[in-house]
Amino acid sequence: MKDYIEERAIKIALYIIERGATVRQTAKAFGVSKSTVHKDVTMRLEELHPDLARQARQVLETNKSERHIRGGLATREKYAHMKH
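These lines cover the structure that appears in this document, whether it is placed above or below. (Residues numbered from 1 in each chain as written. Predicted model: local features only at pLDDT ≥ 70, side-chain atom pairs only at ≥ 80, totals over all residues. Heavy atoms only, no water.)

Brief notes about helix H1 (residues 3–19)
Line of reasoning, step 1. An ideal rise of 1.5 Å per residue puts 24 Å on 17 residues; H1 measures up with 24 Å between its terminal C-alpha atoms.
Line of reasoning, step 2. Looking at H1, one finds that the buried residues are Ile5, Arg8, Ala9, Ile12, Ala13, Tyr15 and Ile16. Buried residues of H1 fall within an arc of 160° about the axis and therefore sit on the same side. Opposite the buried face of H1, by more than 90 degrees, sit the exposed residues Asp3 and Glu18.
Line of reasoning, step 3. Close packing links the buried residues of H1 with helix H2 (23–30), helix H3 (34–48) and helix H4 (50–80).
Line of reasoning, step 4. Remark: glycine 20 follows H1 within two positions and exhibits a positive phi of approximately 65°. (Helix = DSSP H or I, 4+ residues; strand = E, 2+ residues; numbered from the N terminus. Expected span 1.5 Å × (residues − 1). Buried < 20%, exposed > 50% of the residue type's maximum accessible area, 1.4 Å probe, protein only. Arc of directions from axis to C-beta. Contact = heavy atoms within 4.5 Å.)

Rendered as C-alpha cells:
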C-alpha cells in the first residue's frame, strides 16, 4: 500500500474519532468519496492499526444507528421554517 494512502487512512480515522464525524462529513473534509472513507476505515486501516480501525468503526456504527433521527430532525427543521 502506498504511503500516502496509509497516512490518509490514519488521518481519516483520527478525524472520525475526534469529531464523531459521519462518513459524508469526513469525505467532504478530505476531498474523497464516501466509498474511499469507508474502505480506508474498514479494510486498509484494519491491517495498519486494528485498534484505531475498531474505534473509528464504533463511531461510524453509532452515527449509522442515529441517522434516521438526524434525518427526521432535518425534515422538521425544514418545515418549521415554511409555516407562517
